[in-house]
Protein chains: 2
Amino acid sequence: MTGPAWTEDALVAGVLAGDRRALARTISLVEDRAPEAESIVRRVYPSTGRAASVGVTGPPGVGKSSLVSALVRHVRGLERTVGVVSVDPSSPFTRGALLGDRIRLSDHFLDPGVYIRSMGTRGHLGGLAEATLQALLLVDASGKDVVFLETVGTGQSEVEVIGIADVVLLVLMPGSGDAVQALKAGIMEIPDVIVVNKMDHPSAQTKLQEVRSIVALDPDRKRRPRILLTDALRGEGVPELWEALVTRRAELEERGELAERRQRNLSGEVETLAVARLRERVREAMVGDAAVGAAVERVTRRELDPLTAVSLVVDSVTGTG
Amino acid sequence: MTGPAWTEDALVAGVLAGDRRALARTISLVEDRAPEAESIVRRVYPSTGRAASVGVTGPPGVGKSSLVSALVRHVRGLERTVGVVSVDPSSPFTRGALLGDRIRLSDHFLDPGVYIRSMGTRGHLGGLAEATLQALLLVDASGKDVVFLETVGTGQSEVEVIGIADVVLLVLMPGSGDAVQALKAGIMEIPDVIVVNKMDHPSAQTKLQEVRSIVALDPDRKRRPRILLTDALRGEGVPELWEALVTRRAELEERGELAERRQRNLSGEVETLAVARLRERVREAMVGDAAVGAAVERVTRRELDPLTAVSLVVDSVTGTG
């Protein structure tokens, strides 16, 4: 799969040296689930953990990719290298974009200090989570100073990969009523920093105040996120946003919470990926195990209750059947 | 656990006879994970499938419970019996409510033709999904004509139980910008019927038009949901909403799609619950299996890559380690 020019050793060396083609090639191997991909990730793993990672989440259409694009420009201005991994199916990084955004992105594509990668949603979500973690580790190992992980999020942990980032930025817009309600109801996790993007909209200030009043309910002042207004397309508020992200990360580090959080994140990631693999085994059992298939069939005829079928599936997967 | 007055046989007979106390007692056993609960569900399962089930989903704060309450009143006026199972942590059915809603709910509590049950979120989500399916089957077996399943949903299948319903109603409000964007981006599944609640809000009509234009993009006319305006608190639009739900279900039945959908739902539910059980096993392995615990520990020290740890966890759970 690696072709004559790229042995596994060459890819490992290339990734560690920050070679863009080696990085791109390896992430493609990851997406193709090529056996050498896992081995490469294993070999570069001790060189990870140096990048500052920022998870960027929020409902579709709020301008997450434009904001990431603006942040990339700002961070490049500070002479730091940047990686972007996007797993948002509604994102222009992932899906193709309007002309304006394309131009914006292609600026970065020509910059050797920036590596942008969108993760295809061709596999199911489980495989995607695993591929995304691997991509993130590879970009980290390639020596990028900052890595942005962009995912769409409308509440709970649909795409659980966001949990791997050092700090999490939630992007909202003036129309984000549902996300604000979800924060209020306590069913959306409080992030580190919140941005209300499209600050020129007449109701942006109202939304800002609304979010502030919800966040102020948390008695633990340390945990309260900073809340800012931005206009991603014009770059307004972007330096302040970057400052807020850097400050939050530094505070976490000072209090020893960053190391703790990273441990928790990695352990959570191991759990998520193990469950994703077991989900695949469940699907295989439901199709490939004749006894299990027959049981599910009987459930749909109301002859066998679903919980007995669930036990059969679990037994088939765990080898206790 | 069942106490002297309630043997397992008595509970089975009670549930099948529509006895409210037997039903309540059995669902409590389900929530407590008492061993006899599964046996009772197994025994009543052949009597399920008669109720028309309606999944009610939508972001928090849009008025789902008020709307369910209004629908219950309407359906009772048609002399049909009703069950409500709520798994929305932000719902007054589940969490306690404002005085107005309480009075509204207690009306129904006194009506022997209505059974309302909120599922506690005391367990984790996996256990909750299993308990909710069991509760739904028990209410169905108790002979209720209609069962509403209320869950909070802001996009993808956080609480996957909604997938078990015959028809799905998505409730939005004029401020539901994020949910509308999620529909537009194709990351939220198109339901059978969509309601814009709080119809007196000045932007309700605008939101209705916005949703209509998104839905009209689907070339398959049969799949396009009906979209209505309601005011749950005043009961406006509720008879029309009920009519839309009944009509959609009848159309599905006529085209033979209801049976297909129920088969797919049950099979999907078996998968979901099997994965939920395996997730528990993963958590147990990460805490209880010393080798796995040590591996995860080494991951957080960057000595062992996460994917190797994932393989160890999966091997531990599947007994191949």
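Residues numbered from 1 in each chain as written. Chains lettered and ligands numbered in written order. Predicted model: local features only at pLDDT ≥ 70, side-chain atom pairs only at ≥ 80, totals over all residues. Heavy atoms only, no water.

## Topic: the overall build of chain A
Scanning chain A for helices and strands turns up 13 helices and seven strands. Burial status across chain A gives 58% buried among its 321 residues. Summarising the internal contacts of chain A: among those between residues at least 6 apart in sequence, 75% fall at separations of at least 24. Taken as a whole, chain A presents about 13100 Å² of accessible surface, with 52% of it coming from carbon and sulfur. (Helix = DSSP H or I, 4+ residues; strand = E, 2+ residues; numbered from the N terminus. Buried < 20%, exposed > 50% of the residue type's maximum accessible area, 1.4 Å probe, protein only. Contact = heavy atoms within 4.5 Å. Areas by Shrake-Rupley, 256 points an atom, 1.4 Å probe, with all protein chains shown as cover.)

## Brief notes about helix 10 (residues 238-254) of chain A
All names here are of chain A. End to end, helix 10 covers 24 Å across 17 residues, agreeing with the expected 24 Å (1.5 Å per residue, within 8%). Taken together, the buried positions of helix 10 are V238, L241, W242, A244, L245, R248, R249 and L252. Looking down the long axis of helix 10, one finds its buried residues gathered within 160 degrees of arc, a one-sided arrangement. Backbone geometry just after helix 10 places G256 at a positive phi near 75 degrees. (Expected span 1.5 Å × (residues − 1). Arc of directions from axis to C-beta.)

## With respect to the interface of chain A and chain B
Contact with chain A, which involves 66 residues of that partner, is made by 66 residues of chain B. When chain A packs against chain B, the two sides together hide about 5900 Å² of surface, and 66% of this comes from carbon and sulfur. Inspection of the region where chain A meets chain B yields six salt bridges. Note that E271(B) is salt-bridged to R279(A), the shortest N-O span being 3.6 Å. At the boundary of chain A and chain B, one finds 18 residue pairs in polar contact (both at pLDDT 80 or more). Of all the secondary structure elements, the ones that give two or more residues to the side of chain A that touches chain B are helix 3 (35-44), helix 7 (125-141), helix 8 (177-184), helix 11 (257-288), helix 12 (290-300) and helix 13 (306-318) of chain A. Looking at the side of chain A that touches chain B residue by residue, the class counts come to 32 nonpolar, 19 polar and 15 charged. (Buried area = accessible area lost by both parts, 1.4 Å probe. Salt bridge = Lys/Arg side-chain N within 4 Å of Asp/Glu carboxyl O. Polar contact = N/O pair within 3.5 Å; in protein donor to acceptor, adjacent residues only side chain to side chain. Nonpolar A, V, L, I, M, F, W, Y, C, P; charged D, E, K, R; others polar.)

## Looking at the nonpolar core
L138(A) and L138(B) are the most contacted members of the largest nonpolar core, which totals 106 residues. In contact with L138(A), not counting residues within four places along its chain, are V15(A), L23(A), T26(A), I27(A), V30(A), I40(A), V41(A) and V44(A). (Core = buried A, V, L, I, M, F, W, Y, C linked by side-chain atoms within 4.5 Å.)

## A closer look at the relation of the copies chain A and chain B
With an RMSD of 0.0 Å, the operation that places chain A on chain B is a rotation of 180 degrees combined with a shift of 0.0 Å along the axis. Each copy turns onto its partner about a two-fold axis. Across chain A, the smallest distance between a C-alpha and the rotation axis is recorded for T318(A), namely 1.9 Å. A symmetric contact is evident, with 100% of the interface residues of chain A recurring at the interface of chain B. (Least-squares fit on C-alpha atoms with pLDDT ≥ 70 in both.)

## Focus: helix 8 (residues 177-184) of chain B
In terms of residue burial, helix 8 of chain B counts as a mostly covered element, since seven of its eight residues are buried. Where helix 8 of chain B is concerned, the buried positions are G177(B), D178(B), A179(B), V180(B), Q181(B), A182(B) and L183(B). In this fold, the buried residues of helix 8 of chain B make contact with helix 8 of chain A together with strand 5 (167-172), strand 6 (193-196) and helix 9 (204-215) of chain B. Among the residues trailing helix 8 of chain B, G186(B) stands out with phi positive, at a value near 75 degrees.

## Considerations on the confidence of the model for chain A
In the predicted model, chain A carries a mean pLDDT of 88, and 88% of its residues have values of at least 70. Predicted confidence for residues 96-103 of chain A stays below pLDDT 50, and this span has six contacts to residues more than four positions away or in other chains. (pLDDT = per-residue confidence, 0-100.)

## Regarding the sheet that holds strand 5 (residues 167-172) of chain A
Residues and elements named next belong to chain A. Within the open sheet, the seven strands sit side by side as 3-2-4-1-5-6-7. Their pairing is parallel. Looking at strand neighbours, the two that pair on one side only are strand 3 (114-118) and strand 7 (226-230), the edges of this open sheet. For this sheet, the mean inter-axis angle between neighbouring strands, taken without regard to orientation, is 20 degrees. Note: strand 6 (residues 193-197) against strand 7, five bridges, orientation parallel. Looking across to strand 7, one finds that V193 is bridged to R226. Most of the contacts of helix 9 (residues 204-215) go to strand 7, to which it runs at about 170 degrees, and overall it touches strand 5, strand 6 and strand 7. (Pairing = 2+ DSSP bridges. Axes fitted to C-alpha atoms, helices over the stretch in contact; angles between N-to-C directions.)

## A few points about the sheet that holds strand 6 of chain B
Residue and element names in this part refer to chain B. An order of 3-2-4-1-5-6-7 is seen for the seven strands of this open sheet, with the pairing classed as parallel. Each edge of the open sheet carries a strand with a single partner, namely strand 3 (114-118) and strand 7 (226-229). Averaged over all pairs of adjacent strands, the angle between their axes in this sheet comes to 20 degrees, without regard to strand direction. Looking at chain direction, strand 1 (residues 52-57) and strand 5 are connected through four bridges and run parallel. In the sheet register, V56 faces strand 5, and the bridge partner there is L169. Contacts from helix 4 (residues 64-77) reach strand 1, strand 2 (82-86), strand 3, strand 4 (146-150), strand 5 and strand 6 within the one sheet, and its direction differs from that of strand 4 by about 175 degrees.

## Points about the pattern of salt bridges
All names here are of chain A. Evaluated as defined, the whole model comprises 52 salt bridges over all chains. Notably, a salt bridge pairs D166 with R262, separated by 2.8 Å at the nearest N-O pair. Placement of D166 in the loop between strand 4 (146-150) and strand 5 and of R262 in helix 11 is noted, with a sequence separation of 96 residues between them. Judged by relative accessible area, R262 falls into the buried class, the value being 18%.

## Some remarks on the pairing of strand 3 of chain B
All names here are of chain B. For strand 3, the buried fraction is high: four of the five residues fall into the buried class. Bridge count for strand 2 against strand 3 is five bridges, and the pairing is parallel. In the sheet register, V84 faces strand 3, and the bridge partner there is I116.

## A few points about the packing of helix 2 (residues 20-31) of chain A against helix 3 of chain A
Residue and element names in this part refer to chain A. The interhelical angle for the contact between helix 2 and helix 3, taken along N-to-C directions, is 125 degrees, at an axis separation of 7 Å. The angle between helix 2 and helix 3 places the two elements in the oblique class. For the element pair helix 2 and helix 3, the recorded crossing hand is left-handed. For the pair helix 2 and helix 3, the contacting residues are T26, L29 and V30 in the first and E36, A37, I40 and V41 in the second. The class makeup of the residues in the contact of helix 2 with helix 3 is five nonpolar, one polar and one charged. (Parallel < 35°, antiparallel > 145°, perpendicular 65-115°, else oblique. Left-handed = near helix turned anticlockwise from the far one by under 90°.)

## A word on unusual backbone geometry
Apart from glycine, the bulk of residues carry a negative phi angle, and the bulk of peptide bonds sit in the trans form. All names here are of chain B. If you check the backbone angles, R33 has positive phi at about 55 degrees while not being a glycine. Position of R33 among the secondary structure elements: in the loop between helix 2 (20-31) and helix 3 (35-44). The backbone of K198 sits at a positive phi, close to 65 degrees, despite the residue not being glycine. Relative to the assigned elements, K198 resides in the loop between strand 6 and helix 9. On the accessibility criterion, K198 (35% relative accessible area) is partly exposed.

## Regarding the environment of R283(B)
Residues and elements named next belong to chain B. Residue placement: R283 occurs in helix 11 (residues 257-288). A relative accessible area of 34% places R283 in the partly exposed class. On a C-alpha basis, the gap between R283 and V313 in space is 9.2 Å, while along the polypeptide they are 30 residues apart.

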